[in-house]
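Chain by chain, the residues run as shown.
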Amino acid sequence: MKPSLDMMLFGLTLLLKRNAKKPAVRALLHNRTHTVEIRTADKTTSRYFVFCGKDLFSRRGQLANPDVALVWKTPSVAVDVLSSSDPDAFQSALARGDVSIAGNGDVAAWFGNLTNVIRGRTPSDAGADKPPVAVIGLGRMGSGIAHSLLRNGFPVTVYNRTESKTRPLVEAGAKAASTPAQAAKSAKYVITSLMDDTSVLAVLEGPDGLLAGLEPGAVHIGASTVSPEMTRHLVKAHTEHGSDYLAAPVVGRPDAANAGELMTLVCGQQTVCEASRPVLDGYTKLIQYLGENHQIASAAKLAVNYAAITIIDLMGQIYTFGEKTGIPLEALHMSFRMMWAQPVLQEYASRIWHRDFDDVGFDMQSGLKDVTLMVNTSESNGVRWGFAETIQHKMKRGLETGLAQKDWGSVYEVTRAEAGL
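On a predicted model such as this, the values are computed, not experimentally measured, just so you know.

### Here's the deal with the overall build of the protein chain
Okay, step 1: Along its length, the protein chain carries 19 helices and 14 strands.
Okay, step 2: Relative to a compact globule of 421 residues, whose C-alpha radius of gyration would be 22 Å, the protein chain shows 24 Å and is just as compact.
Okay, step 3: Overall size of the protein chain, expressed as C-alpha extent along the three principal axes, is 65 × 50 × 45 Å.
Okay, step 4: By residue count, 44% of the 421 residues in the protein chain fall in the buried class.
Okay, step 5: Taking the contacts inside the protein chain whose residues are at least 6 apart along the sequence as the reference set, 64% of them involve residues at least 24 apart.
Okay, step 6: Total accessible area computed for the protein chain in this model is approximately 21500 Å², and 56% of it derives from carbon and sulfur atoms.
Okay, step 7: Considering the protein chain, the positive charge centre built from 43 side chains and the negative charge centre built from 42 side chains are found 6 Å apart.

Below, the structure is given as structure tokens:
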């Protein structure tokens, strides 16, 4: 008989308190002050956790303003996922819409990492010998990845074209290699974290390139953002060499790399990915396996970066509009923070994915009226809202094709049609 969700959350409280002094847990709790709430959508089951460094307070009920709330669709779904031994169970539930995150996503990721550690789902406490890893490219991301691997007990060899960047890592316990070939020869897994196609190609080929030193059967993990064409070239080169390649671009900032909290988008042979999971876990908080077609990982990373830069530019456009019209920027700042925390945006991600536009929150015709006001008002104030202009065009097309009474999220249908889908 499965325990109730309430009992599982109480058990999680006990586990957290019991394991608080373990080094891996203590490191995650150090200098952290967070409030986390876990509840069901109908609020029949709810428990909150208050973290203040090594101290933890937990109680049944709700908080007025937690840093993040994990909201489960039903108690039974929550119990199934939380009791699963699959490390990707939560991410699958998130993709299905069985759970939503309301609030700070970084805190949610930190809490997930913490619970994985106390439940033994990470390699942190494993006693088995860890495979040697080489990291080639020690920019802000590469050096963070190398530091995280060292902290997690991996033997690490590093190479960088500018030798001075290897010194902090050597001082932290890494070995320095004089060429990419020498670095690769020392390792079962080679991670490249480099600027672009040209820099990857420069360390790949030639008598001093990583292929020259890589043993057959070893694995090259490409953490860089490169073109689909370069990805094809890498797959071909490794196939001919007898080694394996995983396209595994990372998502996150340098501080996340150093903390081992990156997200990795991985494509390649599934057996190779599973065998490489302990290494990937050494510098990531989330592994998204996207299939065997390596180029999908490259496309996925570009899609994620496009989402990030459009949101960044969008905020910049609105702040500029605020300055021109006299809106207090602090009011816009608060609106942004509240907006990104709302479950409605996560709901739209699911609705667009499933093309579900019949449950109308705001219809296309009304949406076009508002978007037209946006375009006209921004133009009259000398601010270019390019996204609004594009959306206006798509909404007009949507009305012409019978979407007037659909939810305005159905603008997706126009985007699909214009892409030939």
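### Some points on the sheet that holds strand E3 (residues 55–60)
Okay, step 1: Spatially, the five strands line up as an open sheet ordered E3-E2-E1-E4-E5, and their pairing is mixed. The strands lining the two open edges of the sheet, one partner per strand, are E3 and strand E5 (99–103). Direction aside, the axes of adjacent strands within the sheet are offset by 15° on average.
Okay, step 2: Here five bridges tie strand E4 (residues 68–72) to E5, and the two strands are oriented antiparallel to one another. The partner of Val68 across the bridge, within E5, is Gly103.
Okay, step 3: In the packing of helix H4 (residues 89–96) onto the sheet, the strands contacted are E4 and E5, and the crossing angle to E5 comes to about 90°.

What counts and how
- Residues numbered from 1 in each chain as written.
- Predicted model: local features only at pLDDT ≥ 70, side-chain atom pairs only at ≥ 80, totals over all residues.
- Heavy atoms only, no water.
- Helix = DSSP H or I, 4+ residues; strand = E, 2+ residues; numbered from the N terminus.
- Rg over C-alpha atoms; globule rule 2.2 N^0.38 Å.
- Buried < 20%, exposed > 50% of the residue type's maximum accessible area, 1.4 Å probe, protein only.
- Contact = heavy atoms within 4.5 Å.
- Areas by Shrake-Rupley, 256 points an atom, 1.4 Å probe, with all protein chains shown as cover.
- Lys, Arg positive; Asp, Glu negative; His and termini not counted.
- Charge placed at Lys NZ, Arg CZ, Asp CG, Glu CD.
- Pairing = 2+ DSSP bridges.
- Axes fitted to C-alpha atoms, helices over the stretch in contact; angles between N-to-C directions.

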